[in-house]
Amino acid sequence: MSLLRTAIQTADFDVSAELAALRQHDRRVGAVCSFVGTVRGGYEGNNGAPVLSMELEHYPGMTEKAIEAMIDEARRRFDIFAARVVHRVGLLQPGDQIVLVAVSSAHRGQSFQACEFLMDYLKTQAPFWKKEATPQGARWVDARVSDDAALARWGIEARNA
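Report follows, based on the coordinates. For clarity, every value in this text was computed on a predicted model and none was experimentally measured. (Residues numbered from 1 in each chain as written. Predicted model: local features only at pLDDT ≥ 70, side-chain atom pairs only at ≥ 80, totals over all residues. Heavy atoms only, no water.)

Here the focus is the pattern of salt bridges. Enumeration according to the criterion identifies 8 salt bridges in this entry. Glutamate 73 is the salt-bridge partner of arginine 76, the closest N and O atoms lying 2.9 Å from each other. Of the two residues, arginine 76 and glutamate 73 both sit in helix H2 (residues 62-77), 3 residues apart, roughly one turn of that helix. Here glutamate 132 makes a salt bridge to arginine 139, at a shortest N to O gap of 3.2 Å. Taking relative accessible area as the criterion, arginine 139 reaches 30% and is therefore assigned partly exposed. (Salt bridge = Lys/Arg side-chain N within 4 Å of Asp/Glu carboxyl O. Helix = DSSP H or I, 4+ residues; strand = E, 2+ residues; numbered from the N terminus. Buried < 20%, exposed > 50% of the residue type's maximum accessible area, 1.4 Å probe, protein only.)

Before going further, it helps to examine the pairing of strand S8 (residues 137-141). Relative to S8, strand S7 (residues 128-134) runs antiparallel, the two sharing 5 bridges. Looking at the pairing, lysine 131 lines up with tryptophan 140 of S8. Taking the residues that link successive antiparallel strands as the turn, the S7-S8 hairpin has 2 residues. (Pairing = 2+ DSSP bridges.)

The next thing to look at is the nonpolar core. It is characteristic of soluble globular proteins that their nonpolar side chains tend to be buried jointly. Residues Ile67, Met70, Val101, Leu118 and Leu122 are the most contacted members of the largest nonpolar core, which totals 30 residues. Ranked by residue count, the leading element in this core is helix H3 (residues 108-125), at 7 residues. The residues contacting methionine 70, other than those within four sequence positions of it, are Val85, Phe117, Leu118, Tyr121 and Leu122. Within the second largest apolar cluster, 7 residues are counted, among which are Ala7, Phe13, Ala82 and Ala102. (Core = buried A, V, L, I, M, F, W, Y, C linked by side-chain atoms within 4.5 Å. Contact = heavy atoms within 4.5 Å.)

Turning our attention to the environment of aspartate 26. Secondary-structure assignment places aspartate 26 in the loop between helix H1 (15-23) and strand S2 (31-38). Owing to a relative accessible area of 18%, aspartate 26 belongs among the buried residues under this scheme. Separated by 55 residues in the primary sequence, aspartate 26 and phenylalanine 81 have C-alpha atoms spaced 8.7 Å apart.

To continue, consider the sheet that holds S7. A sheet is described by the order of its strands in space; here 4 strands give the open sequence S5-S3-S7-S8, paired in antiparallel fashion. Each end of this open sheet is capped by a strand with a single partner; those strands are strand S5 (90-92) and S8. Strand-to-strand twist in this sheet, taken as the mean axis angle between neighbours without regard to direction, amounts to 25 degrees. (Axes fitted to C-alpha atoms, helices over the stretch in contact; angles between N-to-C directions.)

What follows covers a nonpolar patch on the surface. Side chains of Tyr59, Met62, Trp129 and Trp140 sit close together on the surface and give an oily, nonpolar patch of about 470 Å² of accessible area. Structurally, the position occupied by tyrosine 59 is in the loop between strand S3 (53-58) and H2. With a relative accessible area of 48%, tyrosine 59 lands in the partly exposed category. (Patch = residues over 30% accessible without salt bridge, like charges linked within 9 Å, V, L, I, M, F, W, Y side chains within 5 Å. Areas by Shrake-Rupley, 256 points an atom, 1.4 Å probe, with all protein chains shown as cover.)

Two elements in contact, H2 and H3, have axes separated by 10 Å at closest approach and are oriented at 150 degrees. In terms of orientation, H2 lies roughly antiparallel with respect to H3. Considering how the two elements wind past one another, H2 and H3 form a crossing that is right-handed. Where H2 abuts H3, its residues Ala66, Ile67, Met70, Ile71, Glu73, Ala74 and Arg77 lie against Phe117, Leu118, Tyr121 and Leu122. Residues of the contact of H2 with H3, tallied by class, amount to 9 nonpolar, no polar and 2 charged. (Parallel < 35°, antiparallel > 145°, perpendicular 65-115°, else oblique. Left-handed = near helix turned anticlockwise from the far one by under 90°. Nonpolar A, V, L, I, M, F, W, Y, C, P; charged D, E, K, R; others polar.)

Taken by themselves, the reported measurements are silent on function.
Below is the structure:
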């Protein structure tokens, strides 16, 4: 059975199980790199207000297609064997896992680069909409200039204006 490369889901994910599935039956794998993003509940970056919850929305079908294209681009750029992106949607609480990006390759350098490339792309180009709830109310969150700059170092111009 082949591993699905993209999952958009409300349920939490098991990082250990995801990484095991990514490298299962592929004895060429010498490196697996992963990134797990979580909901911050602190004050930094939120105009001095703690995040009480976060709600993520997406456009079904379009989101998966965009992430699949991003994984295809990572495979063109880097010498990797497989990649997996799991992204949660719905209502999330501080400390909850939001996203997993995992990449396998023969050597660590390619895995690290591909994982970082995929995460930079996700932060700015994947069609997700994020709303944070704070004691002062809820607000939609825009992509940050620093996220656009991270994507630009890969030679990709952010489409956020």
